[in-house]
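A look at the structure
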Amino acid sequence: MNRLLTLALLCLTCSCAGNRHELRILTCGIRHESNTFSSQPTTAEDFTLYRGEEAIRNVPWADTLLAAGVDLIPILHAYAWPGGVVEKSAFESMQNEILDGIRKAGRLDGIYLDLHGALHVDGYDDPQATFVRKIREIVGNDVVIAASFDAHGNVSKELYEQLNLLTGFRTVPHRDGMETKVRAVKMLLKTLKEKLKPQITCVEIPILVPGEKSITEVEPLKSIYEQIVPNTEKEGIMDVSILAGYAWADLPRSAMRVFVVADDKKYQPQAREIACDLAQQIWDCRDRLELDVPSGSIEEMLDLAKQYPGKTVFISDSGDNTTAGAPGDNPQVAAAFINRKIKNALVTAIVDPASLQQCVEVGAGNRVELSLGGKKDTQFGKPLQIQGKVVFVSPEEILKTDRAAAVIDVDGVKIVIVNTRRSFTTLNDFREINEDPLSYDIVVVKLGYLYPELRDIAPVHLMALTSGYCNLTIESLPFKHLDGPAYPLDKEMEWCPIPD
């Protein structure tokens, strides 16, 4: 009798242990926004790599998985500032490291991919699709793969057909990056725990629109994006995403897209209806996708700035927008300020390591003569010959990092010089150089739209339509590889939504 009771208890214990099967989820990602018009390649040195525990430390989406009792297996998360096409060797090195980690990971229930969606690599037709296909070849079709994307991702059919789940940012400018990643892993958990069979429906819209013309905080897209959440609350619908796409990519997959994720095949008709309805609304308002701030040449914007006395006017140097992949070393706007003898202005930031080093060697408080910028972007820019006083140099410990900077005053125009391609997108960027942007009459940033923190405090924002690799006049760019006609390159084309 005691033996039978012992066996019964042992069986019960084993049964309970089986019911507590721990989910094993692997995570990895390669994120980059690749401007195919730029002549400057993105190299291995441009990527910041996070491996193992470092990739998930104090990260909300990882905390969400760990709180759910998941055995989380981080491999490699790689990110580089937007730039030109990624070098093949750099991509393949990162890809191989991830694939090797997946092979060694053992049993997996799911994978979370932290992607951007606009990555392009020299020598590849669709590197993101290749990457996920190689993952599938290792893990098979039973492992659930979820991915999150930037709103400016160009996510091809070849890519999303290898995914079970996807979701994208819902704000432009981006305010919900981490929120989107948390949503992706929650969808993954829901799918695994409820043993769902999600289905992805996509409608591709042949529109090429820069981020500056796809702002979600103003019409016409505001009311369309506001329909996303109500649609996700419908029975059988897990997620809805509208990806505006990345326009500075001359590739067959460049386009806007609507994605709807259904819980199961039986909800696909509803998913198709939602996707087609949203896509049609976007197409119908295509000629209203315009800049939400005044725009014109830099000369016109300087004239217009005079109409706002007592207010700080932010001017975007949009053609050399480093957040969209431009080199960031074109001094054309600084030249315009100096030529017009503008006073009390701050120009951020021209990438020129050699000029920065000259400022460091001279030291704050001393004068320096520079041949500034025009060394990377030789197509649209040329070096600017200037003399001025160095008024700021980063502390020694910062000079050893990619945050190094100097500020030179040229007759009332302060010009920020940095050693790596980046933009001033937050107030902390200004604090690091001991500057308050709101103390100036004019502040120049190498951006298109202002990032949220600046957008929220800028009294006035103007868009300078400067030359460069991020030209906002899309129809003027030399597209050769698009998959068929696209608006606004072909303004007379006809189209109707058809789900894939």
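Because the structure is predicted, anything quoted here is derived from the model rather than measured.

1. Things to note about the overall build of the protein chain
- When helices and strands are tallied, the protein chain shows 15 helices and 20 strands.
- The C-alpha radius of gyration computed for the protein chain amounts to 25 Å, which stays within 12% of the reference 23 Å derived for 500 residues, consistent with globular compactness.
- Dimensions of the protein chain, computed from the C-alpha atoms along their principal axes, are close to 100 × 55 × 45 Å.
- Within the protein chain, the proportion of its 500 residues that are buried is 58%.
- Counting contacts in the protein chain only where the partners sit at least 6 residues apart, residues at least 24 apart contribute 75% of the total.
- Split by element, the accessible area of the protein chain, about 21,200 Å² in all, is 49% carbon and sulfur.

2. Some remarks on the sheet that holds strand S1 (residues 24-31)
- In spatial order, the strands read S3-S4-S1-S6-S7-S8; together these six strands make up an open sheet with mixed pairing. Each edge of the open sheet carries a strand with a single partner, namely strand S3 (47-51) and strand S8 (165-168). Adjacent strand axes in the sheet meet at a mean angle of 10 degrees when their direction is disregarded.
- Examined bridge by bridge, S1 and strand S4 (residues 71-80) share seven bridges and lie parallel to one another. Looking at S4, one finds that Arg24 is bridged to Asp71.

3. A short note on the UniProt feature "domain: Microcystin LR degradation protein MlrC N-terminal" (unreviewed entry) in the protein chain
- When the UniProt feature table is mapped onto this chain numbering, "domain: Microcystin LR degradation protein MlrC N-terminal" (unreviewed entry) sits at residues 24-305.
- Within residues 24-305, the helical portion is 33% and the strand portion 23%, while the C-alpha atoms at the span's ends are 57 Å from each other.

4. Comments concerning the sheet that holds strand S9 (residues 199-205)
- Ordered by their spatial adjacency, three strands build an open sheet running S9-S11-S10, and the pairing between neighbours is antiparallel. A single partner strand is all that each edge strand has here, and the edge strands are S9 and strand S10 (237-243). The mean inter-strand angle of the sheet, taken between neighbouring strand axes irrespective of direction, is 10 degrees.
- Bridging between S10 and strand S11 (residues 256-262) involves six bridges; their strand directions are antiparallel. Paired with Asp239 across the strands is Val261, a residue of S11.

5. Re the packing of aromatic side chains
- Going through the model one piece at a time under the given rule, you end up with 10 aromatic pairs.
- Judged by centre distance (5.3 Å) and plane angle (90 degrees), the rings of Phe380 and Tyr469 are edge-to-face. In this pair, Phe380 is assigned in the loop between strand S15 (367-372) and strand S16 (384-393) and Tyr469 in the segment after strand S20 (460-464), connecting sequence segments 89 residues apart.
- Accessibility expressed as a relative area gives 30% for Phe380, which makes it partly exposed.
- Tyr469 sits in the buried class, given a relative accessible area of 4%.
- Arranged with centres 6.0 Å apart and planes meeting at 35 degrees, the rings of Tyr449 and Tyr451 form a pair that is tilted.
- Among the aromatic residues, those joined into a ring-pair cluster are Trp283, Tyr487 and Trp495.

6. Things to note about the state of the cysteines
- Per the stated rule, a full pass over the model turns up zero disulfides.
- In this structure Cys202 is not part of a disulfide, and its nearest cysteine sulfur, from Cys276, lies 10 Å away.
- For Cys202, a relative accessible area of 0% translates into the label buried.

7. Here we look at helix H3 (residues 88-104)
- For H3, built from 17 residues, the straight-helix expectation of 24 Å at 1.5 Å per residue is met to within 8% by its first-to-last C-alpha distance of 24 Å.
- Inspection of H3 places Ala90, Phe91, Met94, Gln95, Ile98, Leu99, Gly101 and Ile102 among the buried residues, and these make up the whole buried set. All buried residues of H3 lie within an arc of 160 degrees about the axis, which places them on one face of the element. The outward face of H3, more than 90 degrees from its buried face, is lined by the exposed residues Ser89, Arg103 and Lys104.
- Here the buried face of H3 lies against S1, S3, S4 and helix H4 (127-139).
- Looking one or two places after H3, you find Gly106, whose phi comes out positive at around 80 degrees.

8. As for the pairing of strand S18 (residues 413-418)
- Counting buried positions over the six residues of S18 gives five, a clear majority of the element.
- Across five bridges, the pairing between strand S14 (residues 345-351) and S18 is parallel. When the bridges of S18 are listed, Ile350 appears paired with Ile417.
- Taken together, strand S17 (residues 405-410) and the strand that follows it, S18, pair antiparallel across an intervening segment of two residues, in which Asp411 is found at a positive phi of about 55 degrees.

9. Examining a negative patch on the surface
- A grouping of Glu45, Asp46, Glu87 and Asp122 is seen on the molecular surface, where their side chains present a negatively charged patch.
- Asp46 sits in the partly exposed class, given a relative accessible area of 35%.

10. Considerations on the pattern of salt bridges
- Tallied over the entire structure, the rule returns 28 salt bridges.
- A salt bridge links Arg133 to Glu137; the nearest nitrogen and oxygen atoms lie 3.8 Å apart. Of this pair, Arg133 and Glu137 both sit in helix H4, four residues apart, which is roughly one turn of the helix.
- The exposure class of Arg133 is partly exposed, given its relative accessible area of 38%.
- Accessibility expressed as a relative area gives 59% for Glu137, which makes it exposed.
- Residues Arg455 and Glu217 are paired through a salt bridge, measuring 3.0 Å at the closest nitrogen-oxygen approach. Of the two residues, Arg455 is situated in helix H15 (residues 452-457) and Glu217 in the loop between S9 and helix H7 (221-225); the sequence distance between them amounts to 238 residues.

11. Section: the environment of Pro395
- Topologically, Pro395 is positioned in the loop between S16 and helix H13 (396-399).
- Residue class for Pro395 comes out partly exposed when judged on its relative accessible area of 39%.
- Separated by 38 residues in the primary sequence, Pro395 and Ile433 have C-alpha atoms spaced 9.7 Å apart.

Thresholds applied
- Residues numbered from 1 in each chain as written.
- Predicted model: local features only at pLDDT ≥ 70, side-chain atom pairs only at ≥ 80, totals over all residues.
- Heavy atoms only, no water.
- Helix = DSSP H or I, 4+ residues; strand = E, 2+ residues; numbered from the N terminus.
- Rg over C-alpha atoms; globule rule 2.2 N^0.38 Å.
- Buried < 20%, exposed > 50% of the residue type's maximum accessible area, 1.4 Å probe, protein only.
- Contact = heavy atoms within 4.5 Å.
- Areas by Shrake-Rupley, 256 points an atom, 1.4 Å probe, with all protein chains shown as cover.
- Pairing = 2+ DSSP bridges.
- Axes fitted to C-alpha atoms, helices over the stretch in contact; angles between N-to-C directions.
- UniProt positions renumbered as here; feature names shortened; annotations may be inferred.
- Phe/Tyr/Trp six-rings, centres within 6.5 Å; stacked < 30°, edge-to-face > 60°.
- Disulfide = S-S within 2.5 Å.
- Expected span 1.5 Å × (residues − 1).
- Arc of directions from axis to C-beta.
- Patch = residues over 30% accessible without salt bridge, like charges linked within 9 Å, V, L, I, M, F, W, Y side chains within 5 Å.
- Salt bridge = Lys/Arg side-chain N within 4 Å of Asp/Glu carboxyl O.
- Lys, Arg positive; Asp, Glu negative; His and termini not counted.
- Charge placed at Lys NZ, Arg CZ, Asp CG, Glu CD.

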